Amino acid sequence: VLVPTMGALHAGHRSLLEAGRKFAGAHGTLVATIFVNPTQFGPGEDFRRYPRTFADDRKMCGAVGADAIFVPAAEAMYSSDHSVFVEESVLSKGLCGRSRPGHFRGVCTVVSKLFLLFNPQVAVFGEKDWQQLAIIHRMVRDLNFPVRIAGCPTVREPDGLAMSSRNRLLVPAARQAAPGICRALLAIRKEVRGGERRVDKLLRMLAGSLESLPGAKLDYARIVDARSLDPIRFVKSAACALVAVRFGKVRLIDNILLRPPRERI
Ligand code: PAF
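Cut-offs applied
- Residues numbered from 1 in each chain as written.
- Predicted model: local features only at pLDDT ≥ 70, side-chain atom pairs only at ≥ 80, totals over all residues.
- Heavy atoms only, no water.
- Core = buried A, V, L, I, M, F, W, Y, C linked by side-chain atoms within 4.5 Å.
- Buried < 20%, exposed > 50% of the residue type's maximum accessible area, 1.4 Å probe, protein only.
- Contact = heavy atoms within 4.5 Å.
- Helix = DSSP H or I, 4+ residues; strand = E, 2+ residues; numbered from the N terminus.
- Lys, Arg positive; Asp, Glu negative; His and termini not counted.
- Salt bridge = Lys/Arg side-chain N within 4 Å of Asp/Glu carboxyl O.
- Phe/Tyr/Trp six-rings, centres within 6.5 Å; stacked < 30°, edge-to-face > 60°.
- Lys NZ or Arg CZ within 6 Å of the ring centre and 35° of its normal.
- Pairing = 2+ DSSP bridges.
- Axes fitted to C-alpha atoms, helices over the stretch in contact; angles between N-to-C directions.
- Near = heavy atom within 4 Å.
- Polar contact = N/O pair within 3.5 Å; in protein donor to acceptor, adjacent residues only side chain to side chain.
- Areas by Shrake-Rupley, 256 points an atom, 1.4 Å probe, with all protein chains shown as cover.
- Nonpolar A, V, L, I, M, F, W, Y, C, P; charged D, E, K, R; others polar.
- Right-handed = clockwise from strand over helix to strand, strands pointing away.

Draft legend 1. The arrangement of the nonpolar core in detail. In this structure, Val111, Phe115, Phe125 and Ile149 are the most contacted members of the largest nonpolar core, which totals 37 residues. In this structure Val111 touches Phe125, Ile136 and Met139, once residues within four positions along its chain are discounted. Grouped together as the second largest cluster of nonpolar side chains are 28 residues, Ile188, Val243, Val245 and Leu258 included.

Set out below in C-alpha cells:
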C-alpha cells in the first residue's frame, strides 16, 4: 500500500497512513513517500517555501507503523534531460488547473512514477484535493494502472480549517480568518439541505462569504458535478463545491460535497 505525500505531515496525512496500514493489514507492506515534487510547482509558486519537516515526518510514519519511507532526491526522480510527462487533458483544465497551469501534469507524472516504482495494490489520497483525486482515478482508469485508489475524508482543525501543510505558512491574522472558508462551505450545504438547488444563488453566497474574510483574495469558487467536475446549474445529483482562497502568498483549497456520489470516488 502506497501513501504518496510531499511531507510536512499533519493529522490529515496521519489518517491517510492509518487507512493505508489497515489496507495493508498485519502482513502487507505500507510505504509512505515524501517528495516535494518540483514538476507540480509553477514558476513563482511556493516550491522553495514549501515546509520540509523530515524529522517529525519520520516519527509520524514510525508511529502509524509504516514499513518504509521513500524520500528520493529530485535528481533520482528526474534525469536532467527528462522529457516524458503524463497529462490528463479534461478534468485538469479548470479549477486549480486554470490557476496553476501544468500542476496536474506534474502530479500525474510523479504519481505514475511512484506507481511504477512500487506497484502498489492500493494507493491512498485525501479528499481535500478533490480535483487531484478525480484526476488520479481517471489516469488509473485510462492507463490501466493495476491499483485501487482509496480516498480519505478531509481532516479539519477544531475550528474547521482543513488540515494542510501550507497552514503553517499563514500569518496569525490569516490563520484566524481562514476557518471562514469551511464556514462558508457549510453554509451553502445547509442551503442545499434546506431545498436550494440554484447554483448561481449558492455561488453568490459562497463567493460573498469568502470575499468578506479579512485578508482573503478569492481565486475561485465553483459548484461542479462531483465526478466529471463539469459545471452544473442545479444541484440535483452528486455535487461538490470547491474553492481556492489566497491569504497573501499562501493559497488554500477546500471543498464540500453538497450531495455525495453514490459511491465515494
Ligand atoms: O497531494 C500531494 O501531496 C501531492 O500532490 C502528491 C499526490 C503527493 C504528488 O506529489
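Draft legend 2. Looking closely at the side chain of Lys128. Structurally, the position occupied by Lys128 is in the loop between strand 4 (122–126) and helix 6 (130–143). It turns out Lys128 is buried and unbridged, and the closest side chain with the opposite charge, Asp129, is 4.3 Å from it. Excluding residues within four positions of it along the chain, Lys128 makes contact with Thr154, Ala162, Met163, Ser164, Ile253 and Asn255.

Draft legend 3. Structural detail: the pattern of salt bridges. According to the stated counting rule, one finds twelve salt bridges in the structure shown. Linking Arg246 and Asp219 is a salt bridge whose minimum nitrogen-to-oxygen distance equals 3.5 Å. With Arg246 in strand 7 (residues 239–247) and Asp219 in strand 6 (residues 216–225), this residue pair connects regions lying 27 residues apart in the sequence. Overall, Arg246 belongs to the partly exposed group, its relative accessible area being 30%. Residues joined in a network through salt bridges with shared partners are Glu196, Arg198 and Lys201.

Draft legend 4. Just the environment of Val245, in detail. Positionally, Val245 belongs in strand 7. Owing to a relative accessible area of 0%, Val245 belongs among the buried residues under this scheme. Between the C-alpha atom of Val245 and that of Val31, which follows or precedes it by 214 residues, the distance is 32 Å. For Val245, the residues in contact, after removing those within four places along its chain, are Ile181, Leu210, Ala216, Lys217, Leu218, Asp219, Val250, Arg251 and Leu252.

Draft legend 5. Quick look at the packing of aromatic side chains. This model, assessed by the stated rule, comprises five aromatic pairs. Considering the side-chain rings of Phe35 and Tyr78, the 6.4 Å spacing of their centres and the 35° angle between planes classify their relative orientation as tilted. Of this pair, Phe35 sits in the loop between strand 2 (31–34) and helix 2 (54–63) while Tyr78 sits in the loop between helix 3 (74–77) and helix 4 (96–99), and the two are 43 residues apart along the sequence. For the pair Phe35 and Tyr78, one class covers both residues: buried. Members of the aromatic cluster, connected to one another through ring pairs, are Phe41, Phe47 and Tyr50. Lying across the ring of Phe47, Arg52 places its NZ or CZ 4.9 Å from the centre.

Draft legend 6. Main features of unusual backbone geometry. Phi at Asn144 is positive, roughly 55°, even though this residue is not glycine. A residue is classified by how much of its surface remains accessible, and Asn144, at 62% relative accessible area, is exposed. Located in the positive-phi region is Leu229, a residue other than glycine, with phi close to 65°. Within the element layout of this structure, Leu229 appears in the loop between strand 6 and strand 7. Taking relative accessible area as the criterion, Leu229 reaches 9% and is therefore assigned buried.

Draft legend 7. Region of interest: the sheet that holds strand 8 (residues 250–259). The strand order across the open sheet formed by three strands is 6-7-8, and the pairing between neighbours is antiparallel. Only two strands of the sheet have a single neighbouring strand rather than two, namely strand 6 and strand 8. Neighbour-to-neighbour, the strand axes of this sheet turn through a mean angle of 15°, independent of strand direction. Where strand 7 and strand 8 come together, nine bridges link them in antiparallel fashion.

Draft legend 8. Summary view of the site of the ligand. Around the ligand, the surrounding shell consists of Pro4, Thr5, Met6, Asn37, Gln40, Val107, Val110, Phe125, Asp129 and Gln132. Contacts to the ligand include Gln40, whose side-chain N or O atom sits 2.6 Å from an oxygen atom. Between an oxygen atom of the ligand and a side-chain N or O atom of Gln132, the distance comes to 2.8 Å. About the coverage of the ligand: the protein hides 89% of its 290 Å² of free accessible area. Elements with a minimum of two residues in the shell around the ligand: strand 1 (2–5) and helix 5 (103–118). When its residues are assigned to classes, the shell around the ligand shows five nonpolar, four polar and one charged.

Draft legend 9. Examining the pairing of strand 4 more closely. Of all the five residues making up strand 4, five are buried; the element is thus mostly covered by neighbouring parts of the structure. Two elements, strand 4 and strand 5 (residues 148–152), share five bridges in a ladder whose sense is parallel. In the sheet register, Gly126 faces strand 5, and the bridge partner there is Cys152. Taken together, strand 4, helix 6 and strand 5 constitute a β-α-β crossover, and its handedness is right-handed.

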